[in-house]
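Results of the structural survey
Each chain, letter by letter, is given below.
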Amino acid sequence: MEYKVWKSEGEWRELLDPAEYAVLREAATERAWTGELLEEKREGIYSCRACDAELFRAETKFDSHCGWPSFYAPSQNDAVELIEDRSLGMVRTEVRCASCGSHLGHVFDDAPQTPTGDRFCMNSVALSFEPDPA
C-alpha cells in the first residue's frame, strides 16, 4: 500500500526513540499496564506518534482492563487500516495508521459493552495525546 507519509527506515530511526521505533515500525508490543496513556481520562485527540495523523477521540476510549489504552472506534473510518496477522500462532487483526503504515496494536471483537463491540487495543507508545483546550 502507498501511504501519504513515507520515510526511509533510517529517517524513522532518527525521528523515533528506540521504544517507539520497535512498536511503530517493527510491530513490537509494550508491556501491559506500563503505557503512559492507559489512565488518561481527559477529553482530546489521540494521534499517530510517527506522523501525527488523528486516529481516535477520547469519547471512544474505555477501560477494557486489558492493560493497554482501548477504543471502540477510530475517529474516522479511514484513519486506520486493518490487516490479518497470523504471527504468534494465532489469527488476529493488526491495526496500522492509514497515513504512514505504522503498527498501533490490534482490534478484537470482544467488547459487548461498547456501541461497536470492538476493542482497539493500542500501544501508548504508538500514540500522542492532545487534550482539548479548557
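Let me begin by describing the structure that accompanies this report. (Residues numbered from 1 in each chain as written. Predicted model: local features only at pLDDT ≥ 70, side-chain atom pairs only at ≥ 80, totals over all residues. Heavy atoms only, no water.)

**A few points about the pattern of salt bridges**
- For the coordinates displayed, the defined rule picks out eleven salt bridges.
- In this structure, Glu-20 engages Arg-49 in a salt bridge whose closest nitrogen and oxygen atoms are separated by 2.9 Å. Placement of Glu-20 in helix H2 (residues 18-26) and of Arg-49 in the loop between strand E1 (44-48) and strand E2 (54-57) is noted, with a sequence separation of 29 residues between them. Here Glu-20 and Arg-49 have matching classes, each one buried.
- Shared partners join several salt bridges into a network, and the residues in it are Glu-20, Glu-36 and Arg-49. (Salt bridge = Lys/Arg side-chain N within 4 Å of Asp/Glu carboxyl O. Helix = DSSP H or I, 4+ residues; strand = E, 2+ residues; numbered from the N terminus. Buried < 20%, exposed > 50% of the residue type's maximum accessible area, 1.4 Å probe, protein only.)

**Quick notes on the side chain of Glu-94**
- When you line up the elements, Glu-94 lands in strand E6 (residues 92-97).
- For Glu-94, a relative accessible area of 9% puts it in the buried group.
- A distance of 2.8 Å separates a polar atom in the side chain of Glu-94 from a polar atom in the side chain of His-103. (Polar contact = N/O pair within 3.5 Å; in protein donor to acceptor, adjacent residues only side chain to side chain.)

**Topic: the packing of aromatic side chains**
- Under the defined criterion, the tally for this structure stands at four aromatic pairs.
- Consider the rings of Phe-56 and Phe-71, whose centres lie 4.4 Å apart with planes at 15 degrees: the pair is stacked. Placement of Phe-56 in strand E2 and of Phe-71 in strand E4 (residues 70-71) is noted, with a sequence separation of 15 residues between them. Both residues of the pair, Phe-56 and Phe-71, belong to the buried class.
- Joined through ring pairs, the aromatic side chains of Tyr-46, Phe-56, Phe-71, Phe-120 and Phe-129 make up one cluster.
- The ring of Trp-12 has Lys-7 sitting right over it, with the charged end atom 5.8 Å from the ring centre. (Phe/Tyr/Trp six-rings, centres within 6.5 Å; stacked < 30°, edge-to-face > 60°. Lys NZ or Arg CZ within 6 Å of the ring centre and 35° of its normal.)

**Focus: unusual backbone geometry**
- Even without glycine at this site, Ala-27 takes up a positive phi of about 60 degrees.
- Note that Ala-27 resides in the loop between H2 and E1.
- Although it is not a glycine, Leu-88 adopts a positive phi angle of roughly 60 degrees.
- Residue placement: Leu-88 occurs in the loop between strand E5 (80-85) and E6.

**Some details on the sheet that holds E1**
- Sheet architecture is open: three strands sit in the order E2-E1-E9, paired in antiparallel fashion. Looking at the sheet topology across the chains shown, the edges are occupied by E2 and strand E9 (127-131). Averaged over all pairs of adjacent strands, the angle between strand axes in this sheet comes to 30 degrees, irrespective of strand direction.
- Relative to E2, E1 runs antiparallel, the two being bridged by three bridges. When the sheet's bridge partners are listed, Tyr-46 is paired in E2 with Phe-56. (Pairing = 2+ DSSP bridges. Axes fitted to C-alpha atoms, helices over the stretch in contact; angles between N-to-C directions.)

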